[in-house]
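Coordinate inspection notes
Each chain is listed here by its residues.
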Amino acid sequence: PLARRFHALGSQRSRRAAAGRAAAPRTAAAREKRQEGSPTMVGWARTLLAALAYAAAEDPHLARLRQAAQLQNAGRLSEAVPIYEDVLRQVPNHPDALHLSGLAALAAGDAVKAKELVERASSLRPNDPTMLSNLGEVYRSIGDAQTGVALLKRAVAIAPRDLGVKRNLIAVLWDAQLYAEFCEASRELLGQIGVSLDSPERAADPTFHFIERRARFDVADSAQRHRCSGVTDDDAFRWFEYALRAYPEDARLWIGSGVAAHAKGLLDVAAERYERAYTLAAGDATLANDQRHQFVLQARVNRAAIDHERGLSELAIEGYEAVLTLEPEHTQALNNLGAALVTVGRHDDAVKVLEKCLDVEPGQVQALTNLAAHWANEGFLERASLLNKRAISLYLQRDPRRAAGLFAREAFAIRPIVEDSAAMYAARLDFARRVASLEWLLQRRTLIIDDPVVEVEHVHFYLPYPGLDDRPLQEAVARCYEKMIPHLAGPVPGLSPEPVQGRRARIGFLSKLFAEHEPHGLLLEGVVQHLPRDRFVVVVLPVASPGRDAASELLRSSADELIELGLNMRENRFSLINAKLDVLIFADMLSEPMSYFLGFSRFAPVQVCFWGNPLTTGRKSIDYFVSADRMEHPHRTLAGDEWSEQVVLLDGQGIWYRRPSIPEGLPYPNREAAVAARQALGLPEGDWPLLLCPQSVFKLHPHFNTVVRRILEATKDARVVFTAGRRQAWTKVLVARLEKTLGPYKSRCAFVPRQMPGTDYYKLLAVADVLLHPFPFGGSRTSADGLALGVPVVVRPTTQLRCRMAYSFYASMGLTGKNWTLVASTTDDYVAFAARLANDVEHRRTVAAAVAARQHVIWEDRSVVLGWARFLARVSGQRPVAPADVGLMSEELAAHDVDVGLEADVGLIEEDESAEARAAHERLDRTFRDDTIIEEKRRALQPQKPIPDQPRLRDQPRPPEALEAALLYERGDIKGAAAQLEVLIARCYPQGGADCPDEAKVRSDLGAQYHQSDRWEEAVVELRRAVELEPTNGVALNNLAVTLNTLGREDEADDVYERALKAVKARMAPSATGFEEKLLGVLSDKDSWDYATALFNSANQLRDRGDYEGAAAKIRRGLKEVIEGDALLALVRAENHRSSDDARLASLRRLGIATNSLAVLDDYLSNSSENWFSSKAFPPPYSLLGRDEGPPSNEELAPLGGEATGFELITQVYEPADFIRRMEVAFALAKNLRNTRISKIHVLAENGRDGRFASSIAALVGATHLHVQILGRRLRFSDAEGYAAASLPRRAVILSNADVFFDEDSLRRLGDARTLDLDRRVLALLRWEWTCGFDVQGMDLKTLVAAAQATDQIEDRCLRLRARADSQDAWIFRAPVPPLATFDTELGRAKCDNRVAFVLGAAGYDVANPAFALRPRHVQRVLFANGTAPPPKAARSYTSPDEARGATRYVPLADQWVF
């Protein structure tokens, strides 16, 4: 896809300069120039002279101040300053001297001193509009535009006719991004001087002309940027036209007018105006010398962008490089050059240029997005996402409207090639979740993309390659875009639905892939050439293709009209509207952004999509999808129709290809010549069977790797050869994937460079003995070229069009029978056919001879043209088309009909085995199309450890009962899941079956589900049976121990826990139990998790009995038995926690809870005689932190940047009947109300009484930021999410229990809530116990509120962390969070936090617990009657008969102190 992020007027800095608002000097030369007095400073001094004229006559210093002001006006600042200083020595509070001296300081670049002096002057004359105006300008210069706006509005109110004050207000409104007010103020100023935007008449007073020119530019430019209310692009263009007629010598206006024309798609007009601008800029007297140079460069950059958009990339590159020769650090030229280099395939050069651009200007948003696009195309989505998020953050600060395109880019990103099948399924599910999330967001918030080709730039091209049903996703993506580009969707103006009458129908063919050798052009050139011209006018609409002609010579010569489309969407829309088409055919709609986004509009009464991209478009604007009878399986609709359009099935083969011109000497005359030709390709010497797969690497499904291995296993010395990818990164992924799968056979796999179309490509195909056609996504042109050379192509057609093109050729050739070993109905057949063709030389010769003899029938099939002509005549109202109308003679048509009947045209079904084959077909693509299996593969990729342990797909078969049980369990239907497993056990054991999984795992799962259903005795029976079947099953042992403990059989539970620890440890690799270097990469996730869970639960049991010493000892012993010495230190030392890139830590984290949370569980050691970080508890070398390291310091927990504001707190305050508990809830609410980091508290009360209780606390605190809404029930997660989504979209939200409060320092560490990175991320926070107590007996609420305020100074001394991974009391997220919308569980319910963590994690959210840095205070059992510490009591494990049911997940403390 083409990267086209052009910048018409430069960065924010250069736009400000272009609008007449100078930026602060960046160089010593600029500072020196400003010290001599800029025009702005001169204007201020002249204003001061006017003010001085009205000063008291008796002021003895008036004459000297007037003299100094005149010197300042003349640019002699160094002479004026001593006079001001002398007057101030004599009269320190002289307002005029202070004022002038402040302006002099600002001119010299000392904004701090200027602010101090002008503020003093203004305080002496508080109603002086000039002083207020200049003070506002001072605040603008130091970056405080909001204060500047307030001051200047006061000044305007005092002196509404003062143009200088009004100009300063306009300038500061721009900096404050108050664009609507900026436009309105500028228009008021023009009206004040008697000027209309819709007139070329100048102001009558020549002294106003400079102001007029700037104001005209400001309004028109802002209108063009969509920053003025109620105006359009047409208004902006018209206003620039009138301004140019008034001031034709103004270079600034010519550039602005060019940008307006550019935005409207008037590229010729824009080009002419940019050229005029850089001609005039050199002599424009209204521009300073340095501004003239910058305007010349900017105009030249914009002119080169026109060439770029027209597809003249090389010419554009020359233009950008010419600008960089004059100014090497011109960021717009650097950015646009990088984009142009990407366009012509010079990716490495592009990266260097874009990185240089960001070095010069780190906030260059277009460079960020262009670089992100490069990394996304490379396959590094994470790196791309980081860059996009930086760009989004900048856009939200500067121009929030432009962020919408990046939201779409993030939502629809997809990797070109992945490491394995599990990663592919997971990536697809993640894509689906991102699409669903965006669609959900768009139901609640408006996001508008002005020009999606520029702002989004990319399409989800790689979606169809996994071979799944893409209709739901395509329709969802289309719905999103229809909401984001409403101005582009639907019928264009002037479109008439009237049928064609009395004239030929105008038929348009559109694509960017019509150039020479491009497959989509090759597929349609016969149709374009031979459609009957007495009925049709054929219009070819190629989109510019950089570096070559947009259309092939045959398409150009065959078309009645050729309308070349550029890379500017608005201009292309004009071209399509003016073409007045009756039918518009998109040859493809997912290859590149121009065709994709044009397809949302209706340019013709009938719109059609061809199978250049063989999947549905999913949108309403496309009426028909053209396919072919053989390329659609006859039973394809049994599993649901994959097409949103009406499918048109052309008869027979459905593919037109011109007979290729085979280079002289090919096929090779003999075996020796073919073998010798291999060496030129860098292949090993020798006469060995060569199986070539010349498809693009992203077409190769990970399952195909296994197919390749099976073929190599079944052959003696054959080699499989692939062509390298267009990008080296793609090839590396495929090589690694193949090496992992092929094992000892990897030496028989090779890669050759991609070959250019034409002779080199045919030479590559000619050296092959067999072509391997991959599935589930194949190719048409590659297969046809192989057949033209007589090379057998082994195919396995699926039910989908995308893998049936080569089969269609064989059906025409009559070679679909199994005896030909070419068309396989199963993967086993595919392997067997390829192996036989490789091993059996005589058979290969026979098949190759048949292919060579019959391949002539697939070329230039006029029946394809006839099918197209008949279809187009019908939909455009033309008279019927006869075969002779397309040059098809009757005997040719009859022969065609006979050929079609040679084989049973039912895809994979042979006449003699139709019943068996039909049954096989029903199972054919289940691997690719079963969403349940996909979900299981994703779960295998991201293993969780809830109870029970779900069996993984990679370990065993998944019978339907087990799949249904897994789905029910995830939904929380424990009884239903147990019932499914009971059915499975009754069916499978002891009789067995092909799909019966391991009995021990099934019984372990059933036992766990019995436990969660409170059927504990039955759980013991099933779990004991599981342990009998598999004595080392750590999950079953752990669950058995938990159940025995629940039944009160603690001694038995202790024994079983020990057995679990020993069993899991025995499974661990021996080399991983003593040496750190052996530990890395050896310990499996499953074993470490099983060990950690058993260790956690056994320690919990001791803690629940009050045996803290025993719990601590068990944790220490358990950890020491698994890892020793430095390995343990590497896990827990603070410096490693602060280093997110430590490779050792990344591997050692596999120990999960045991090394993360449990290692520092103060909860276990709080009542122990040993401190958790003491060397006595863990003597060297096992010391966790050592004496010299304590908890993190404030410096280590410094804020991430920005002021923490804007957090919204949602909670359910209630009025407990118990007095002590009521005071605790009131205390927490009072603390939160006093927290300045919380913008608003939203109480979703259960009833009116609770709401009034919350309001009374707010009244006592004096807070006005409490909002109460009566919910009518106990607060559920779905209630909180629904409220946040509707009322607080895109706001940072805190959801917490009623007895939790936050301190300001914790929230300060999060920085600015508006820019906090919470993209698909939720912070689930463990509470800190607030242990300071005082006597509340006899207190009323007013006294309590005062006491809450008094505790602020002792906050940190009252905190104690009871670290645990199974409890969270507060959540921070950015609304909305769609997974929570259906999570209908109450806050505070046992295990609700574990359950919600699972739900969020399963939906792809990153759930983190940075409780070391963020410290929600929990006040339960803190406020007690007598003001003394409560008596210690045994902490219970987090279990309850009323606990949340379903799969759960722990959230250990974050690995880093600072998250």
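Here, every reference points to the structure presented above.
Summarised in this report is the structure supplied together with it. (Residues numbered from 1 in each chain as written. Predicted model: local features only at pLDDT ≥ 70, side-chain atom pairs only at ≥ 80, totals over all residues. Heavy atoms only, no water.)

**Section: the side chain of D1250**
As for its placement among the helices and strands, D1250 is situated in helix α57 (residues 1248–1261). D1250 gets classed as buried once you look at its relative accessible area, which sits at 3%. Not counting residues up to four positions away in its chain, the partners in contact with D1250 are V1213, Y1214, E1215 and A1245. (Helix = DSSP H or I, 4+ residues; strand = E, 2+ residues; numbered from the N terminus. Buried < 20%, exposed > 50% of the residue type's maximum accessible area, 1.4 Å probe, protein only. Contact = heavy atoms within 4.5 Å.)

**Description of the pairing of strand β7 (residues 606–610)**
Among the 5 residues in β7, 5 count as buried, and that is most of the element. Every second residue of β7 is oriented toward a common face, with V606, V608 and F610 on one face and Q607 and C609 on the other, all of them buried. Note: strand β5 (residues 583–586) against β7, 4 bridges, orientation parallel. Bridge assignment links I585 to a residue of β7, and that residue is V608. As paired elements, β7 and strand β8 (residues 624–628) share 3 bridges and run parallel to each other. (Pairing = 2+ DSSP bridges.)

**Digging into the nonpolar core**
If you look at the biggest cluster of nonpolar residues, it comprises 213 residues, and the most contacted ones within it are F412, Y481, F509, L772 and W868. Here the element with the most residues in this core is helix α38 (residues 862–876); it accounts for 9 residues. Excluding residues that lie within four positions of it along the chain, W868 makes contacts with L524, V527, L531, I585, F610, V626 and L650. One finds I211, F217, W254 and I306 within the second-largest nonpolar core, a separate group that totals 67 residues. (Core = buried A, V, L, I, M, F, W, Y, C linked by side-chain atoms within 4.5 Å.)

**Examining the packing of helix α11 (residues 179–192) against helix α12 (residues 209–224)**
It is at 9 Å that the axes of α11 and α12 come closest, and there the two elements cross at 145°. Note on packing geometry: the crossing formed by α11 with α12 is left-handed. Between α11 and α12, the residues in contact are F182, C183, S186, R187, L189 and L190 and I211, E212, A215, R216, D218, V219 and S222, respectively. When its residues are assigned to classes, the contact of α11 with α12 shows 7 nonpolar, 2 polar and 4 charged. (Axes fitted to C-alpha atoms, helices over the stretch in contact; angles between N-to-C directions. Left-handed = near helix turned anticlockwise from the far one by under 90°. Nonpolar A, V, L, I, M, F, W, Y, C, P; charged D, E, K, R; others polar.)

**Regarding unusual backbone geometry**
A negative phi angle characterises most non-glycine residues, just as the trans form characterises most peptide bonds. The amide bond that connects L666 to the next residue, P667, takes the cis arrangement and shows omega of -10°. Mapped onto the secondary structure, P667 falls in the loop between β9 (646–650) and α30 (671–680). The peptide bond linking F775 to P776 adopts the cis configuration, its omega dihedral lying at 15°. Position of P776 among the secondary structure elements: in the loop between β13 (770–772) and α34 (781–788).

**A look at the environment of A1060**
Inspection of the secondary structure assignment puts A1060 in helix α48 (residues 1050–1067). A relative accessible area of 0% places A1060 in the buried class. Along the primary structure A1060 and N1033 are separated by 27 residues, whereas in three dimensions their C-alpha atoms are 7.6 Å apart.

**Things to note about the sheet that holds β9**
Reading across the sheet, the 7 strands line up as β4-β3-β2-β5-β7-β8-β9 and stay open at both edges, with parallel pairing between neighbours. The sheet is open, and its two borders are formed by β4 (561–562) and β9, each paired with just one other strand. Relative to strand β3 (residues 536–542), strand β2 (residues 505–511) runs parallel, the two sharing 7 bridges. Bridging from a neighbouring strand, G508 pairs with V539 of β3. In the packing of α38 onto the sheet, the strands contacted are β2, β3, β5, β7, β8 and β9, and the crossing angle to β5 comes to about 140°.

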